[in-house]
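Coordinate analysis (summary)
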Amino acid sequence: MTMKPIHVIGGGLAGSEAAWQAAEAGVPVILHEMRPMRGTEAHKTDGLAELVCSNSFRSDDAETNAVGLLHAELRLAGSLIMRSGDAHQVPAGSALAVDRDGFSADVTERIEAHPLITIERGEVAGLPPEDWDLAIIATGPLTAPSLAEAIRSATGADALAFFDAIAPIIHFDTIDMDTCWFQSRYDKVGPGGTGKDYINCPMDKDRYEAFVQALLDGQKTEFKEWEGTPYFDGCLPIEVMAERGPETLRHGPMKPMGLTNAHDPSVKPYAVVQLRQDNALGTLYNMVGFQTKLRHGEQTRIFRMIPGLENAEFARLGGLHRNTYINSPTLLDGTLQLKRRAGLRFAGQITGCEGYVESAAIGLLAGRFAAADRLGRPLAPPPATTAFGALLNHITGGHIVSDDEPGKRSFQPMNVNFGLFPPAATPKPEGKRLRGKEKTLAKKKAITARAISDCRAWLGLDTTAEAAE
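Read on for an overview of the structure. (Residues numbered from 1 in each chain as written. Predicted model: local features only at pLDDT ≥ 70, side-chain atom pairs only at ≥ 80, totals over all residues. Heavy atoms only, no water.)

Looking at the pattern of salt bridges
Tallied over the entire structure, the rule returns 13 salt bridges. Between Arg75 and Asp60 there is a salt bridge whose closest N-O contact spans 3.1 Å. Placement of Arg75 in helix H2 (residues 66-76) and of Asp60 in the loop between strand E3 (56-59) and H2 is noted, with a sequence separation of 15 residues between them. Two residues, Arg301 and Glu298, come together in a salt bridge whose shortest N-O distance is 3.1 Å. In this pair, Arg301 and Glu298 are both assigned in helix H8 (residues 296-303), three residues apart and thus about one turn of the helix distant. The buried category is assigned to Glu298, whose relative accessible area is 14%. Ionic contacts of the salt-bridge type, sharing partners, join the residues Lys4, Asp133 and Arg374 into one network. (Salt bridge = Lys/Arg side-chain N within 4 Å of Asp/Glu carboxyl O. Helix = DSSP H or I, 4+ residues; strand = E, 2+ residues; numbered from the N terminus. Buried < 20%, exposed > 50% of the residue type's maximum accessible area, 1.4 Å probe, protein only.)

Structure representation (structure tokens):
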């Protein structure tokens, strides 16, 4: 008897990962992707797992960084997204950044080649039909309006929307390297990097203040129908940050700490704009932290005020895209299943996680939960001590409802962070009392060591054999 497939709607990072995990478990999958039949405001290709914002998966430090820990857990779980990311990394200091075109092409090729995955191109306009007894909605921040409306109608809960902003990308050969220099902050070396993985553009106080004023005065794209829509603090447009005070930027993405001007080491920059490599060839660099809703003409004018970018040519200018997510703590159970409809799961950013690897992680979990259902092998959620479990717990109930504002929705998108993990016992060195940064570092290492051990146990990996090697 032929096994019924699991239907996955959405071919982004979460949907691709969910499809891969279910298929690797031996369950057939039909992956539905509406592009190129229907495009979005942000996507440019019909490739699976296209990166529409940054090309960075952020820190790859699994010992002292929560997102680096999530990288490690994804690798342990056989993540397609991490496998393709590792195969197409570009230098980015202590971060894992990827060649976006090579990464998407690799994910697409692997999905197309998998014998248990069928890709169907075309829009799924409403909720999955009832005969799709196991399905995963992983349509992300750009869910088609018809499907979003169907979700709202079925759940009885409003999906909230806000804007993610896209940073511009610059052609490397138009950057003035007599003004700019290569250096990672504090010369930190990351995967595939050298400690000189960013291009730095220095500003003195006068140039900085003029730049901030230009951001404030520049014409922005306005969407009256979306007025009052909140921004996610991890992806604020550069001009919105400038509105929060004249010093906000130089204490944020333009902070000069850990950098020395190679052309004039005796003069400390007042502020620094960093550019990060965007493709494997090194021909494109993106403006770190420079998501924007400035009009395109204003972007070209204002960003050419930055020293070293006076003649910059832009491969892509910044823009905005809508992000839609559901009230997951109210709607989903601990396996990402809709409480009102058994077998229907949600994955990725539509659940209220934020970030590429977080979306992939929730896709991985949804795919594994669905496959376990199909195979009749119940799968317990990952322990809360793991990055998988900490993120899942946030999505399915980790927020606090405000007593002061009854009825106000408190659930907001979240990146993985150590604040989502239960405390871990910190080893105390004999004859030494840990203080300050040393104590904080020890706490992080205790959390990550426990997480890796518990994740291996949840995945059924043989920790004893590894320890004996």
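Concerning the sheet that holds strand E16 (residues 344-346)
One open sheet accounts for five strands, arranged E6-E2-E1-E7-E16; its pairing is parallel. The open sheet has two edge strands with one neighbour each: strand E6 (117-121) and E16. Looking at each pair of strands side by side, their axes are set apart by 20° on average, direction ignored. Here three bridges tie strand E7 (residues 135-137) to E16, and the two strands are oriented parallel to one another. Across the sheet, residue Ile137 finds its bridge partner in E16, namely Phe346. Contacts between helix H1 (residues 13-24) and the sheet are confined to strand E1 (6-9), strand E2 (29-33), E6 and E7, with E2 contributing the most and set at about 170° to the helix. Taken strand by strand, helix H10 (residues 356-375) contacts E1, E7 and E16, and its axis lies near 165° from that of E16. (Pairing = 2+ DSSP bridges. Axes fitted to C-alpha atoms, helices over the stretch in contact; angles between N-to-C directions. Contact = heavy atoms within 4.5 Å.)

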